[in-house]
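# Report on the structure
Spelled out from the first residue to the last, the chains are:
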Amino acid sequence: MTRRRFILLAQAALGALATAAIATPIVGFLLAPLYEPRGRLVTRRLGPVSQLATDVPKRFVVDFPETGWTGRQDAYTVWVVKHADGLVQTFSNICTHMQCPVRYEQSIQQFECPCHGGFYNLHGVRVGGPPPKDLPEYLHTIVDGVVYISNQLNEVI
Amino acid sequence: MPSGRRSRGGLLRREMAATRQETTRRLVALGDWLDERTGYRWLLRESLYHAVPTKGGWWYTLGSATLALIGLQITTGIFLIFIYVPSTTEAWSSLEYLKTSDPFGAVVRGMHLWGAYLLLFMIGLHLVRTFMSASYKRPRELNWLTGCILLLLVLGLSITGAFLPDDQAAYWTGVVVTNIPAYIPVIGPYIRDLWRGGPSFGPETLTRTYGIHIWLLASVLIAFIGAHLLLLLKHGEFGSWVNYRGSWRTRPPLPTEELAAQVRQTEPPYPTAPTDEEWSTPLETTDFYPEQTFKDALVSAFLILVVLGLAVVVGAPLEDRADPATITYVPTPEWFFLPLDQLLVLLPQWFISVVIWLPLIGTVFLFAVPWIDRGPERDPFERPAVVIPAVIIILSLLTLTMIGAGRLFTL
């Protein structure tokens, strides 16, 4: 190897080394949301099942902590439906299509997304429009007839 | 007496002339000093003293207007940083404060918003103009390519900027737009989480998007503007096909001698084999400075005044603070997203990933235009293979925009 060829290779190697030294921590930092779980799991009390009318969704507004460092809580809507057979479902109002806020239309007894016209029935099953999945539910428990939910959905949307 | 006054006046005039001469001499000496050390006169000569095609000069102002509006965005953007706080606790409040307690600041924000809207419009027109006149042909393929990248960067800046106010419009735009990449197969959800900095729109979404907006995209934009302008200087303005002698196929016989006299040696050959050099030289040329720069200045100044007018009269709206719990707010996309939004309404649910593929395929075709349409032909009526698809695409975008606007805003 000539001296010239050596210093050509060496400076390319030094450049690569310096680039890697800069890029590694930056890439690791940017990818953090994938391996460092963001947000923490909390449980919120909604209310007694006995106060729910059958097949009439009732809207609760609960505070869930923001991800990150602010310590703030954001309000989220939960649609709670008690079916005739006693089944209770706690729907998020996040549409599975583009995550717009879903509202309940009493006249058609369906949840409607105003963005692109997605429809879900009282069981959260998509019945019209573009949503690819059913309306997600927050995981809930019923203790002594009172509904509690956690900020965790039953499906990845 | 009168003659004495006259001679005194004459003396004064002579003294003033001498002073002026001395001032000029010193300025020239200063210029010489600076030129010896920087070579700035070479730069001025290279950038200002070249020939441009005479006809269609008003059309070339679209490019300089785009540049002027980008300059306006960078300037107003820098000063908006003086008050904006990229945090979910304070972003909205800082802009609310700007709106209620800082009249000039509100105008600066208004100019940043309307400047962005006008910029998108002008860069679109600039794209259509360069396409219609086939300015992308050899040797200007890379002018086109860098221009396409600049278009994508401007779109990226527009959409990341829309997240930042953290009002209802910004929040729901942020939620929906960060959700679009989730439809990319396999890696999509991860891209969404990386952009958001977590599973949902939160503080990290705002800081990440802010960083992307003010530094990442902006610095890349400036670099590509440099490349775009250097390539423009290298190849010269192509102008429009009307500057050249009819169509290549249907050309009349060339009065070669007469035309050769018009050929300016400063012009690069206007290209595309197989054709002769006289053929590809503009019929008439004029000086870039001050002929073309005057038109550029007129259009750019007019647009900036329009932006100022819109900022003062209409201003930048700030809706209620972001509320994820809302069940009454109807998210509406920014107007430049309307075609995609309307497509989302029309597409059946098993076809959603089209929102990814259609823009992606469109972008690939846009980038590939110089290599698809390689013939020597410049006249848009002689290039149906690319012009007809382009017209169909433009009309589809306009139609989707109009249907979407009718659906959302009940026009």
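In this report, we go over the structure that sits alongside the text. (Residues numbered from 1 in each chain as written. Chains lettered and ligands numbered in written order. Predicted model: local features only at pLDDT ≥ 70, side-chain atom pairs only at ≥ 80, totals over all residues. Heavy atoms only, no water.)

The next point concerns a nonpolar patch on the surface. The grouping of A:Val27, A:Leu31, A:Leu34, A:Tyr35, B:Val186, B:Ile187, B:Tyr190 and B:Ile191 at the surface amounts to a nonpolar patch, some 760 Å² of accessible area in total. At the level of secondary structure, the elements contributing two or more residues to the nonpolar patch comprise helix H1 (3-35) of chain A together with helix H8 (188-196) of chain B. At four residues, H1(A) tops the list of elements feeding residues into the nonpolar patch. Tracing the backbone shows B:Ile187 in the loop between helix H7 (168-179) and H8. (Patch = residues over 30% accessible without salt bridge, like charges linked within 9 Å, V, L, I, M, F, W, Y side chains within 5 Å. Areas by Shrake-Rupley, 256 points an atom, 1.4 Å probe, with all protein chains shown as cover. Salt bridge = Lys/Arg side-chain N within 4 Å of Asp/Glu carboxyl O. Helix = DSSP H or I, 4+ residues; strand = E, 2+ residues; numbered from the N terminus.)

Attention now goes to the pattern of salt bridges. Following the criterion strictly, the structure yields 14 salt bridges over all chains and no others. Here A:Arg126 makes a salt bridge to A:Asp134, at a shortest N to O gap of 3.7 Å. Exposure remark for A:Arg126: the relative accessible area of 32% places this residue in the partly exposed category. Members of the salt-bridge network, linked through shared partners, are A:Arg38, B:Glu204 and B:Arg208. (Buried < 20%, exposed > 50% of the residue type's maximum accessible area, 1.4 Å probe, protein only.)

Taken residue by residue, the interface counts 41 residues in chain B and 36 residues in chain A. Each partner contributes to the roughly 3,100 Å² buried at the junction of chain B and chain A, and carbon and sulfur atoms together form 58% of this total. Counting the contacts that link chain B with chain A gives one salt bridge. When the shortest N-O distance is used, the salt bridge between A:Arg38 and B:Glu204 registers 2.8 Å. Linking chain B with chain A are 18 residue pairs in polar contact (both at pLDDT 80 or more). Breaking the side of chain B that touches chain A down by element, the ones donating at least two residues are H7, H8, helix H9 (203-235) and helix H12 (338-346) of chain B. Among the residues forming the side of chain B that touches chain A, the class breakdown is 21 nonpolar, eleven polar and nine charged. (Contact = heavy atoms within 4.5 Å. Buried area = accessible area lost by both parts, 1.4 Å probe. Polar contact = N/O pair within 3.5 Å; in protein donor to acceptor, adjacent residues only side chain to side chain. Nonpolar A, V, L, I, M, F, W, Y, C, P; charged D, E, K, R; others polar.)

Purely geometric numbers; function is a separate question.
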